Amino acid sequence: MWRFVANFILRNRFFILGAIALITVFFGYYAITQLKLENKYGILLPKDSETTRNYHKFKEYFGEDGGTLVIAVQTDSLYTNANFLKWKELGDSILQYDGVESIISEATLFTISNNIEQNKFETKRIFSDITYQEKSIEEIEKEIKRNPVYNKLLYNDSTNVSLMMIGIDERFLTDQKKSKVVLEIEKLASTYEMHFGEMHYAGLPHLRVVLAKRIQSEMYIFILLCFAVTSVILYLFFRSMRVVMICNSVVVIAVIWAIGSMSFFGFRLSVLMALIPPLMIVIGVPNCIFLFTKFHQEVKDHGNKVKALSRVIQKIGLATFLTNFTTAIGFMTFIFTNSERMVEFGLSAALNIIMVFILSICLLPIFASFSKTPKKKHLKHLDRKMASGLIEGLIKIVTKKRVWVYVTTIIIICLSVIGLFQITATGNITGDLPKNDQILNDVKFMEKHFGGAIPFEVMVDYKEKGRLLKRSNLEKIEATQAVFMADTLFSKSISIVDFIKVVNMAYYDNNPDKYTLISNKDKLRLKKYLDNFNMTNANGGGLSVKELLDTTQTTLRIRCQMKDLGSYETSDKVKEMKFKIDSIFNPDRKGIENYYSKFEKGKKAYVDSILEVYPSIYSSLTAEIAGDNSDLQFRFDSDPELIKKYISKKQFKGQLRNAIDNEYYDITLTGTSVVVSEGTQYLVFNLITSLIFAIFMIGFLMALLFRSWRMVVISMLPNLVPLFFTGGIMGWFGIPLKPSTLLVFSIAFGISVDDTIHFLAKYRQELKLKKYDLKECVILALRESALGMFYTSIILFFGFIVFTFSQFGGTQALGLLISLTLLMAMITNLVLLPSLLLSLERIITTKSFEEPYFEAYTAESDIDWADLEIEGEDDDDTEANSTKEIKD
């Protein structure tokens, strides 16, 4: 097969180049015109998860929870004539931008007044006269701060911090070009720092847009850095600018294909997806090194360029494919996470790795065929003292120091296991930002002065419309808000109760002492007012009743923000808050469920207890049984004993269950903080699963390749030790376990096993020729493959180290940990693997190992190389060579 591939590539060079050029133009167009940024949080969960469904339901009822951009200033001179006017001017200017839906600040607020004569409320803007003739600045401040609803919500009176809340259309935030309105607003706001001091920016629009911009810029920086690093290393290895240019040509095309394919398939550029283009460089260059090293070895042996090129494809084409395939498997396992974005990342990475292989196996021989035969100076890297010394040193270690190899390995494993038990799991929205990053500082600023910065939402389904304004229901909402107020992890909450208190206060001439629930005696008097008043604009600042109440769905909202905690801390807090809130709204749940469980066990007498103690359940139950039969309902109402006749019926149990469930208020906790927390935990679990799957998949591939379970075990050991080592490093140095660091294991395992395949395939090839001397087979395998393994590992090490220059802590950790893992994998594959082969030579070298299903390295071909020549080259070192035609 590979002989056919070699002939096809070398005899159809112009056709292949033309096809690749067309595909590159196609993907280049998509890369330039169709690349879109991903700037939404909470996308790690599958669409069918309960948390995702709850979040979508919330957005359906109340809109986005993260559409507010917040500008914060800390100044004690806001309430001066000049500065307050500037604050209003800033808000008015921002309101002119397309995509801005509302502005809420102390300069935009309304007040509600009681028109006693007409029995109605009237709204009026507190600050409307910019000449201060109607009201002085002192009167304006007094009127604003007289209303308790605004304190700790729009300003913090004790620390002189004021907020401007800017509502932005979600359609603008999800559009790459339109989302720049956020940056334009912040740029405008910064021009007002001379009046208010430093501006602080918060809210999800700020995080989404600014971080997305960083991701895009980082991708291009990583691409340039990877090119620079790999080019330098390539030149140091080969001392040939021609080799560097050919390798760079291959990876440049690979990068264009990577970005273009992402755009073509509609994948958005996220923190993960931004890693793929530079990864193509890091993974593509080792392909080039293996192919060029083999090419140079062949040229050195016989000097025939055409023969060398064909033998490169034939002898290591399959091995190179397998190494790329195992790397792709490491990424492909992310498909099984069931997370849409991780599936996209895994598919895109795996697909592009295979495309890198195709580009490498096609373009390198073609480009080399157009160039001159390498001269002796270009082949010196094969005989350098450092290279020779490295190989001889390895041979000495595996032949004479194997005991120390095993002792060192055991020590490393033991220390690593101890470190593994010290790993802590985390993951939060700002967790990947550097400690002194301005975004993180602004989030901490908001948490310090307002209690939280990440949306946390409570939805309460009160089931029946008549329940909403019952005083008992309003008191439950008020009690829930008191729970949030007592918890330092949350900001001030707001709900329909706050609007009712504002209305009650307005009825009493805005007396702050009347910021309470409406008393029963005032309900009738206020009914006329409420009938004539649109509560949607009650606060005038854009926080409207419709944002807190969906009467069509009998659902109310309690809105607040939470501190940016780790995912597991957030999860624990969600469970705690769910229990507390459910206890407030459903205090009888425990008793009801106790009775019902006994009824399920056959004790029918407990039905009487449920129906007698909880009359509302009786009403719901009889209504469900009676349905549209009004006569039967009347009989139930007249004779409570009648229900006993239905207890024995088959459908009664389900009807009773429905009646009980209808008694409960349904409590749902959601919002960005909850979704991100659940997403992180879900991903951590699934990434661990995908790692296990990757190990089994690659183990299965090894079994197909070597047909020996003993060899599979031996081959896996040198690749599992580096994973333990990396886990130990994480534990000892306090690097937390989170999605970005968990990615390390699957990716590094898929890449590190490449060296194992190269070495074992070469070892088996030598074994077939020298069965009488197993030690010599190991030594020969080391001599031929060690240098390529070393070169590629160094490229991979420095290629991944580039990611440590990221602004995101997760990307930094990923780059550092993969680099260390691959470095350790190189050592174990060059030292531990040959040592195991020598120590266990008779046990593992079975007949099936010697006779595999297929060979990774193809033996010498029977081609008559005298019949293959490239015409027209004037090189004295080779037969006539040209790049124009390959003859049969």
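Quantities reported herein were computed from a predicted structural model and do not represent experimental measurements. (Residues numbered from 1 in each chain as written. Predicted model: local features only at pLDDT ≥ 70, side-chain atom pairs only at ≥ 80, totals over all residues. Heavy atoms only, no water.)

Undergrad: Sorry if this is basic, but what is going on with the overall build of the chain here?
TA: The helix and strand tally for the chain stands at 32 helices and 11 strands. With the C-alpha coordinates of the chain rotated into their principal frame, the extents come out at 110 × 80 × 50 Å. Each of the 888 residues in the chain was classed as buried or not, and the buried ones make up 57%. When the accessible surface of the chain is summed, it comes to about 38,000 Å², and 57% of that surface belongs to carbon and sulfur atoms. The positive charge centre, built from 100 side chains, and the negative charge centre, built from 96, are 5 Å apart in the chain. (Helix = DSSP H or I, 4+ residues; strand = E, 2+ residues; numbered from the N terminus. Buried < 20%, exposed > 50% of the residue type's maximum accessible area, 1.4 Å probe, protein only. Areas by Shrake-Rupley, 256 points an atom, 1.4 Å probe, with all protein chains shown as cover. Lys, Arg positive; Asp, Glu negative; His and termini not counted. Charge placed at Lys NZ, Arg CZ, Asp CG, Glu CD.)

Undergrad: Can you help me understand the pattern of salt bridges in this one?
TA: A side chain with one charge can pair with a side chain of the opposite charge if their charged atoms come near. Following the criterion strictly, the structure yields 29 salt bridges and no others. One salt bridge in this structure joins E392 and R783, with 2.4 Å as the shortest N-O distance. One end of the pair, E392, is in helix 14 (residues 385-400); the other, R783, is in helix 29 (residues 774-801), with 391 residues separating them in the sequence. For R783, a relative accessible area of 39% corresponds to the partly exposed category. K501 is paired through a salt bridge with E478; the nearest N and O atoms lie 2.8 Å apart. (Salt bridge = Lys/Arg side-chain N within 4 Å of Asp/Glu carboxyl O.)

Undergrad: Sorry, what's going on with the sheet that holds strand 8 (residues 454-461) here?
TA: Each strand in a sheet pairs with its neighbour through backbone hydrogen bonds, running either in the same direction (parallel) or in the opposite one (antiparallel). Pairing is antiparallel across the open sheet formed by four strands, whose spatial order is 9-10-8-11. Edge positions in the open sheet fall to strand 9 (549-550) and strand 11 (666-670), since each of these has one partner strand only. Bridge analysis of strand 8 against strand 10 (residues 555-562) gives eight bridges, and the strand direction is antiparallel. Within strand 10, the residue paired with F456 across the bridge is C560. (Pairing = 2+ DSSP bridges.)

Undergrad: When you look at a positive patch on the surface in this model, what are you seeing that I'm missing?
TA: On the surface, K396, K400, K401 and K775 cluster together into a positively charged patch. Positionally, K775 belongs in helix 29. Overall, K775 belongs to the partly exposed group, its relative accessible area being 43%. (Patch = residues over 30% accessible without salt bridge, like charges linked within 9 Å, V, L, I, M, F, W, Y side chains within 5 Å.)

Undergrad: Even after reading the chapter, I still don't get unusual backbone geometry, so can you show me in this structure?
TA: Apart from glycine, the bulk of residues carry a negative phi angle, and the bulk of peptide bonds sit in the trans form. We note that K463 has phi near 70 degrees; this positive angle belongs to a residue other than glycine. With respect to the secondary-structure elements, K463 resides in the loop between strand 8 and helix 17 (471-486). Phi at N510 is positive, roughly 55 degrees, even though this residue is not glycine. One can find N510 in the loop between helix 18 (496-507) and helix 19 (520-531). Owing to a relative accessible area of 13%, N510 belongs among the buried residues under this scheme.

Undergrad: Would you explain the nonpolar core in this entry?
TA: Nonpolar side chains tend to gather and get buried jointly when the protein is soluble and globular. Membership of the largest hydrophobic core comes to 254 residues, with the highest contact counts inside it found for F84, I166 and F456. When residues in this core are grouped by element, the largest group, 16 residues, is from helix 9 (residues 204-238). Residues contacting I166, with those up to four places away along its chain left out, are G67, T68, L69, I71, I94, V100, S102, I103 and I185. I617, Y618, L621 and L632 belong to the second largest nonpolar core, which has 23 residues in total. (Core = buried A, V, L, I, M, F, W, Y, C linked by side-chain atoms within 4.5 Å. Contact = heavy atoms within 4.5 Å.)

Undergrad: What exactly am I supposed to notice about the pairing of strand 1 (residues 68-74) here?
TA: Taken across its seven residues, strand 1 has five buried, putting it largely inside the fold. Note that strand 1 and strand 6 (residues 161-168) share seven bridges and pair antiparallel. Within the sheet, the bridge partner assigned to Q74 lies in strand 6 and is V161. Relative to strand 7 (residues 200-202), strand 1 runs antiparallel, the two being bridged by three bridges. Counterpart to V70 in the pairing with strand 7 is A202.

Undergrad: Looking at this structure, I do not really get the packing of helix 17 against helix 18. What am I missing?
TA: Geometrically, a packed helix pair is captured by the angle between its two axes and the distance between the axes. Packing of helix 17 against helix 18 brings their axes to within 9 Å, and their N-to-C directions diverge by 110 degrees. In terms of their interaxial angle, helix 17 and helix 18 are classed as roughly perpendicular. Two secondary-structure elements touch here, helix 17 through L474, I477, E478 and Q481 and helix 18 through I496, V497, D498, I500 and K501. (Axes fitted to C-alpha atoms, helices over the stretch in contact; angles between N-to-C directions. Parallel < 35°, antiparallel > 145°, perpendicular 65-115°, else oblique.)

Undergrad: What am I meant to see in a nonpolar patch on the surface here?
TA: A cluster of nonpolar residues, V403, W404, V407, I411, L415, I418, W732 and F733, forms a patch on the protein surface that exposes about 890 Å² of accessible area. Top element by residues in the nonpolar patch is helix 15 (residues 402-420). It accounts for six residues.

Undergrad: Would you explain the side chain of T756 in this entry?
TA: Relative to the helices and strands, T756 resides in helix 28 (residues 739-769). Beyond its immediate stretch of four places on either side in the chain, T756 contacts M702, S715, N719, N829 and L833.

Undergrad: Before we go on, may I ask you to explain the packing of aromatic side chains in this structure?
TA: For the coordinates displayed, the defined rule picks out 35 aromatic pairs. Both rings, one in Y596 and one in F599, keep their centres 6.0 Å apart while their planes meet at 50 degrees; by these two values the pair is tilted. One end of the pair is Y596 and the other is F599, both in helix 21 (residues 589-600) and three residues apart, which spans about a single turn. The class for F599 is buried, based on a relative accessible area of 9%. What links up through ring pairs into an aromatic cluster is the set F26, F27, Y29, Y30, W257, F264, F265 and F267. Directly above the aromatic system of F172 lies the positively charged group of K178, at a separation of 5.1 Å from the ring centroid. The ring of Y664 carries R589 above its face, with NZ or CZ at 4.1 Å from the centroid. (Phe/Tyr/Trp six-rings, centres within 6.5 Å; stacked < 30°, edge-to-face > 60°. Lys NZ or Arg CZ within 6 Å of the ring centre and 35° of its normal.)

Undergrad: Can you help me understand the packing of helix 9 against helix 11 (residues 276-302) in this one?
TA: Where helix 9 meets helix 11, the axes come as close as 9 Å, and the angle between the chain directions of the two elements is 15 degrees. Accordingly, the angle class assigned to the pair helix 9 and helix 11 is roughly parallel. Taken as a pair, helix 9 and helix 11 cross one another with a handedness that is right-handed. Listed contacts from helix 11 to M219, F222, I223, C226, F227, T230, L234, F237 and F238 of helix 9 are P277, P278, I281, V282, V285, I289, F292, T293 and H296. The class makeup of the residues in the contact of helix 9 with helix 11 is 15 nonpolar, three polar and no charged. (Left-handed = near helix turned anticlockwise from the far one by under 90°. Nonpolar A, V, L, I, M, F, W, Y, C, P; charged D, E, K, R; others polar.)

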